[in-house]
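Secondary and tertiary structure notes
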Amino acid sequence: MRRSILSSLRAHLGRLVAACLAIVLGVGFGTLAMTAHSSATHGIDETIGKQNAGVDAVVDSNRESVSAADAAAVKKLPQVASVVIDTSAYMQVQWAGQVRPDSLAVSARYDTSKIAGPTTSAGKLPEAMNEIALPAKLADKYKVSVGQEIRLTSWDGKAHVVKVVGLIDDTTSIGGAKAVATAETVKAFEPQGYINQLKVAANPGVTQAALSTAVTAVVNSGVKVYTGEAWIDHEVSSITNGIDVLGGVFGMFAVIALFVACLVIGNTFTIVIAQRTREMALLRCVGASRKQVFSSVLAEATVVGLVASGIGVVFGVALSAIALTLARSFDWGLPPVDLHLDLASVFIPLLLGTVATILAAVVPARRATRVAPLAALRPEAAPVAKSKAGIVRLVFGFLLLAGGGALLALGASSHQVIVGVAGGVISFVGILSIGSLLVPALVKVLGALPARTGGVPARIAVANAVRNPRRTAATTSALLIGVTLISLTCVGIASVRKTFDVTMDKEYPVDVTMKVYDEKLPATAASQLKSIKGITQVVPVRSTSVKSGGNTLEITGIDPAAASSVIHNPALVDQLQSGTALVDRNTMYSLNVENGAIVTIVSGKQKLNLKVVQAQGLEPITVTSADLQKLAPTAAVTGYWLASDPKADGPKVMDELKQSLPTVKNLNISGGLPERSFYTKVFDILLLVAVGLLGVSVLIALVGVGNTLSLSVLERTRENALLRAMGLTRRQLRGMLAVESLLMALVAAGLGIGLGLIYGWTGTAALMGGQIDGPLSYAVPGRLLITIALVAAVAGLLASILPARRAAKVAPAGALATE
């Protein structure tokens, strides 16, 4: 049997390439997920460990802040060798070439003989008053060198001139490094400095547990004490939580790809066994038992699975190395991560790929044992839906569909993600279970038009597509999984993005607001702002101080005709009418008025009665420019409301705005542009990654479509030859197979897009319903869904090319003679 297995592998190596490709892709992405996750986690763990070397206990703020009394009490403990008081001062610095100052956090230098501290990449650490060491990346950004003097300003307006004596090595820092000065300098910067935490080193022979117990006994009960190891775990966990989530998402995609690969593997071995029916019969004739035939097929599957999984592991490790290298070019606030391989990230994907291949080959192997020694050399027809097993499967599928649908509705209405996911999985399994009934019915419906207009080849294609319901359903299911998940992802992200946009429009109806106090804006301010790339609209606003009920408030006026170009919330634009004041919630509370009440506004000798309408995200009181003119005819332009291009880089636009209008000393800039821009990029990246990864599943599924057509060609060799003998041309034969493949692809695309809409909407409701105020906004990304359907259709046609060429090459007379 060993020789038979080896010869079979050599003879059918070309056919097994499809199964190998499926396994390589599935295992490769599994390895990528595990290797990237283990590398990131190991790198962060190592970095945090180095930063906290020598730390045996940490006192951190909890319900209360760490106080100087806590530090003094800890220093007196006999178990303590060293205490680091981590304090910081937050200063304003005027960088060269910048119009307005920026903030700079400065930490106090401490003794590093026991506990690790910052090191320099150039120069030295500060040793005297008014010396400072800047983070190397920050110094490089603003072109600051060692020996240069910079001017710092504290919160109370006091200025300090300090000399840069060194550059902090921040290549391995997480979240960016702070500047460093002596403790005396930091005290001078901020006399009432806040203590971030205490880091404690133990005397020799004192365990971390004993030290933390002693420290806990002398500090305030409102603070929290960690052992050194627990603190490192706490810091690593706070950073790697998002990495764990991302690793889980990648792992989920890998499992999906592997599951789809199993369907392709099963079909592939079915084809191979169908081609070897004569061989199986001859083996039985010469004495091979059913057990030996079964074992031989599983042995082949084991070899294929092991080899392909090994290639997949290498492929995944290579992808991980490339991904980690590319990640270093992005400034994510994380240290550079090197490739880290552990046994789990290598052997688990290898084992899963091999086992999945063996399990997928079990059913074809059992079918091989049913070949009688002298039986007709044709594969046995697959059981149809009318068989006993098929009826049980259908009943089970409908029950799963009903139960999963109920859970899906419950998860959406109660906003429980886990319940919704469970309902989605169960209902989808139900869809797959009734596929042998559902898919042929949809193929018949979809094939009605080509069957009427496409002539005999099209009618035969429709009949062939439903001839073996079980196998057609299995093949379509492989593509259905990929299309459903891609559609679900596109619909879900589009719905979340639309909901987010509506929420942002309520919280930040204006992208950017700019305002000055006690200063005059230059005459060219509007044109200067409009020239900034990414700014599309600039609308001036006027403000003045008014009184109402003993309260002095600021009122802002804007032209209603221009307001619609910068206010994203249409409801606010409609409410901005003469005689109406848009008032925020806090101002309403201070005025003690309700929504719809009439409030009297007084400015000098002018008085105006306005109807209060609650508004969120605008100024304390916003009125039309005409109403403001009645109250304060001389009110000057005090700011601008700006609209931006949705595709603009929000942080970059904000940086340019902060450096705009250089003649204005104090410019207040606010708005939701940075947050909106950040989440827009996140949504785009999520969509790109999800579609890319799920595209692998679709690629594997299309291999399965090609395999199924190949098996169909094999089973219908005599039939195709007879059709050729009766006048069917090679072109018509290829067209017949193309229509058959196209029908399966379109059924999978249509059903998958429909399920994706349902799952995407219900998933959005379960995920977002309990987190926002107001109704959810559901979206239908029409262009994306149409693109998915077109790609599936084109891919289905491409999958038919090789089987069609193989069928067209068979000579009619030869095929009829051999059959």
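Further remarks concern the pairing of strand S13 (residues 551–558). Two strands pair when backbone bridges link them, and strand S12 (residues 535–548) and S13 are joined in this way by seven bridges, in the antiparallel orientation. Looking across to S13, one finds that Ser545 is bridged to Glu554. Counting the residues in the hairpin turn of S12 and S13 gives two residues, including Gly549, whose phi is positive at 60°. Pairing of S13 with strand S17 (residues 621–624), which is carried by four bridges, proceeds in the parallel orientation. Bridge pairing in S17 links Ile558 to Thr624.

Under the definition given, this model contains four salt bridges. In this structure, the salt-bridge partner of Lys515 is Glu554, at a minimum N-O distance of 3.1 Å. Linking Lys515 in strand S11 (residues 512–516) with Glu554 in strand S13, this pair joins segments that are 39 residues apart in sequence. Given the relative accessible area of 11%, Lys515 is considered buried. Its salt-bridge partner being Asp627, residue Lys630 comes within 3.8 Å of it at the nearest N-O pair. Here Lys630 pairs with Asp627, and both are found in helix H22 (residues 625–631), just three residues apart, close to one helical turn. Several salt bridges share partner residues, and in doing so they unite Lys515, Glu554 and Glu619 into one network.

Moving on, we come to the packing of aromatic side chains. Under the counting rule described, the total for this entry stands at three aromatic pairs. A ring pair is formed by Trp95 and Tyr142, whose centres lie 4.7 Å apart and whose planes are at 5°; its orientation type is stacked. Pair noted here: Trp95 is in the loop between strand S2 (80–93) and strand S3 (102–108) and Tyr142 is in the loop between helix H4 (136–141) and strand S6 (149–153), with a separation of 47 residues, a long-range link.

A few words on unusual backbone geometry. A positive phi angle, near 60°, is found at His415, a position not held by glycine. One can find His415 in the loop between helix H12 (388–414) and helix H13 (417–433). The class of His415 is partly exposed, set by a relative accessible area of 37%.

Time to look at a negative patch on the surface. Side chains of Asp45, Glu46, Glu229 and Asp233 sit close together on the surface and give a patch of like negative charge. Of all the secondary-structure elements, those providing two or more residues to the negative patch are helix H2 (13–51) and helix H7 (228–275).

Right, let's talk about the nonpolar core for a bit. The biggest cluster of nonpolar side chains holds 33 residues, and the ones touching the most others in it are Phe428, Leu479, Leu480, Leu755, Leu785 and Ile788. Secondary structure elements with two or more residues in this core: H12, H13, helix H17 (469–507), helix H24 (673–715), helix H26 (730–768) and helix H27 (782–799). The element best represented in this core is H17, accounting for 11 residues. Those residues in contact with Leu785 that sit more than four places away from it in its chain are Ser487, Val491, Ile753, Leu757 and Val780. Formed by 22 residues, the second largest nonpolar core is a distinct cluster that contains Trp95, Ala108, Leu134 and Ile150.

A few words on a positive patch on the surface. Where like charges cluster on the molecular surface, the positive patch consists of Arg730, Arg731, Arg734, Arg805, Arg806 and Lys809. Relative to the helices and strands, Arg731 resides in helix H26.

Attention now goes to H17. Its 39 residues place the ends of H17 54 Å apart at the C-alpha level, agreeing with the 57 Å of an ideal helix rising 1.5 Å per residue. The buried fraction of H17 amounts to 28 of the 39 residues, a majority that puts the element mostly inside the structure.

Detailed reading of the predicted coordinates is not advisable wherever pLDDT is low. A residue-level look at the protein chain finds 86% of positions with pLDDT of 70 or above and a mean pLDDT of 82. Counting interchain partners and residues more than four positions distant, the pLDDT-below-50 stretch residues 376–387 has 22 contacts.

Mapped onto the secondary structure, Glu131 falls in strand S5 (residues 131–135). Among the polar contacts made by the side chain of Glu131, one reaches the main-chain amide nitrogen of Glu127 at a distance of 2.9 Å. Ignoring sequence-local partners within four residues, the contact set of Glu131 consists of Pro126, Lys163, Val165, Val180, Ala181 and Thr182.

Here S5 lies mainly inside the structure; five of its five residues are buried. Bridge count between S5 and strand S7 (residues 159–168): five bridges; the pairing is parallel. Bridge pairing links Leu134 to Leu167 in S7. Where S5 and strand S8 (residues 179–181) come together, two bridges link them in antiparallel fashion. Bridging across to S8, Ile132 finds its partner in Ala181.

The rules behind the values
Residues numbered from 1 in each chain as written. Predicted model: local features only at pLDDT ≥ 70, side-chain atom pairs only at ≥ 80, totals over all residues. Heavy atoms only, no water. Pairing = 2+ DSSP bridges. Helix = DSSP H or I, 4+ residues; strand = E, 2+ residues; numbered from the N terminus. Salt bridge = Lys/Arg side-chain N within 4 Å of Asp/Glu carboxyl O. Buried < 20%, exposed > 50% of the residue type's maximum accessible area, 1.4 Å probe, protein only. Phe/Tyr/Trp six-rings, centres within 6.5 Å; stacked < 30°, edge-to-face > 60°. Patch = residues over 30% accessible without salt bridge, like charges linked within 9 Å, V, L, I, M, F, W, Y side chains within 5 Å. Areas by Shrake-Rupley, 256 points an atom, 1.4 Å probe, with all protein chains shown as cover. Lys, Arg positive; Asp, Glu negative; His and termini not counted. Charge placed at Lys NZ, Arg CZ, Asp CG, Glu CD. Core = buried A, V, L, I, M, F, W, Y, C linked by side-chain atoms within 4.5 Å. Contact = heavy atoms within 4.5 Å. Expected span 1.5 Å × (residues − 1). pLDDT = per-residue confidence, 0-100. Polar contact = N/O pair within 3.5 Å; in protein donor to acceptor, adjacent residues only side chain to side chain.

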